[in-house]
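# A closer look at the structure
In case you want the letters, here they are:
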Amino acid sequence: VNRFLISFCHLQLIPLFIFIGGGAGMSMAYLARLGLRNPDVCWDRKNNPEPWNKLGPTDQYKFYTVNMDYSKLKKDRPDF
Amino acid sequence: MAHPTQLGFQDAASPVMEELLHFHDHALMIVFMISTLVLYIIVAMVTTKLTNKYILDSQEIEIIWTVLPALILILIALPSLRILYLMDEINDPHLTIKAIGHQWYWSYEYTDYEELGFDSYMIPTQDLASGQFRLLDTDHRMVVPIESPIRMLISAEDVLHSWAVPSLGVKMDAVPGRLNQAAFIASRPGVFYGQCSEICGANHSFMPIVVEAVPLEHFEKWSSLMLEDA
């Protein structure tokens, strides 16, 4: 059974799968995040035609913040 | 400004530029190490008397030279992404200045409180006073207060230009019909030079940018004087 498993699974290729799978997975996940969460993207022209006009002052739209505490921001613009 | 035969970056005058400098040092050190290793291996390969014609595979070295480059790339990517996101943050600016590119000068507008606007032409070489820098100094400088986040809104009147000040770590294209936003904090007082960074015609090399960072009281005095003159 062991010999069969080894010849079938090609254990030496597992690191390759880890790295390539991880890289591809992370890129696809970021692309999906951009497609679905980015306010510049419009999927539903009837019900949500311009999502970039509905931004809140305390929401975080970027993937990662270094120094920015979005919960402290206030909205100082007139309503659209 | 850059001095003659300068190869590296100018001294940083803003926190973002400091980060960029340190990241560049980090990446360059990695690059030097890799290049030295490769050069050593090349020399060793070329000068060795050992030859073995029957090496078929070796798992250990294959693992090492797959995992190590992956690790190095991650070590480069993580600080790089961190700085990328840091540069995009605009934390509550104290002042908004508009820089508008024309052929072939910049105009600056400080319209937060009063309507202050002026043009900034390069000083022609024959009109230079002693101590001024050729092709870099302008008649009016863009004065900003130190240690205040400044928001720059950059646009152009006619063709593409680009507003760049290397020591502040800022470069943003000036596109006609479009408003681009950039931000910086001048950490120390000083005079910082930059040049137009997008080809815009005959005098593209002759429309520099000069930013003068001064303490807040001096900035207030300067803006009152400029408003009176206008």
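Residues numbered from 1 in each chain as written. Chains lettered and ligands numbered in written order. Predicted model: local features only at pLDDT ≥ 70, side-chain atom pairs only at ≥ 80, totals over all residues. Heavy atoms only, no water.

Identification of chain B as Cytochrome c oxidase subunit 2 from Amphiprion ocellaris is taken from an unreviewed UniProt entry. Its UniProt record, at the heading Catalytic activity (unreviewed entry), says of chain B: "4 Fe(II)-[cytochrome c] + O2 + 8 H(+)(in) = 4 Fe(III)-[cytochrome c] + 2 H2O + 4 H(+)(out)". Recorded under Sequence similarities (unreviewed entry), the UniProt text for chain B is reproduced unchanged: "Belongs to the cytochrome c oxidase subunit 2 family." (UniProt positions renumbered as here; feature names shortened; annotations may be inferred.)

Going by the annotation in an unreviewed UniProt entry, the name recorded for chain A is Cytochrome c oxidase subunit NDUFA4, with Amphiprion ocellaris given as the source organism. Entered under Sequence similarities (unreviewed entry) in the UniProt record, the comment concerning chain A runs "Belongs to the complex IV NDUFA4 subunit family." Its UniProt record, at the heading Subcellular location (unreviewed entry), says of chain A: "Mitochondrion inner membrane".

## Focus: the pairing of strand S4 (residues 142-145) of chain B
Residue and element names in this part refer to chain B. Residues Met142 and Val144 line one face of S4 and the alternating positions Val143 and Pro145 line the opposite face, and both faces are buried. Where S4 meets strand S10 (residues 208-214), four bridges bridge the pair, whose relative direction is parallel. Counterpart to Met142 in the pairing with S10 is Val211. (Buried < 20%, exposed > 50% of the residue type's maximum accessible area, 1.4 Å probe, protein only. Helix = DSSP H or I, 4+ residues; strand = E, 2+ residues; numbered from the N terminus. Pairing = 2+ DSSP bridges.)

## Description of the nonpolar core
In this structure, Tyr110, Met142, Met152 and Trp163 of chain B are the most contacted members of the largest nonpolar core, which totals 36 residues. Once residues within four sequence positions are removed from consideration, Met152 of chain B is found in contact with Ile97, Ala99, Met142, Trp163, Asn180, Gln181, Ala182 and Phe184 of chain B. (Core = buried A, V, L, I, M, F, W, Y, C linked by side-chain atoms within 4.5 Å. Contact = heavy atoms within 4.5 Å.)

## What to know about the packing of aromatic side chains
All names here are of chain B. According to the stated counting rule, one finds twelve aromatic pairs over all chains in the structure shown. Consider the rings of Phe118 and Trp222, whose centres lie 5.7 Å apart with planes at 85 degrees: the pair is edge-to-face. Here the residue Phe118 occupies a position in strand S3 (residues 116-120), and Trp222 occupies one in helix H3 (residues 216-229), the gap between them amounting to 104 residues. Each member of the pair Phe118 and Trp222 is classed as buried. Through a chain of ring-to-ring contacts, the aromatic side chains of Tyr108, Tyr110, Phe118, Phe219 and Trp222 assemble into a single cluster. (Phe/Tyr/Trp six-rings, centres within 6.5 Å; stacked < 30°, edge-to-face > 60°.)

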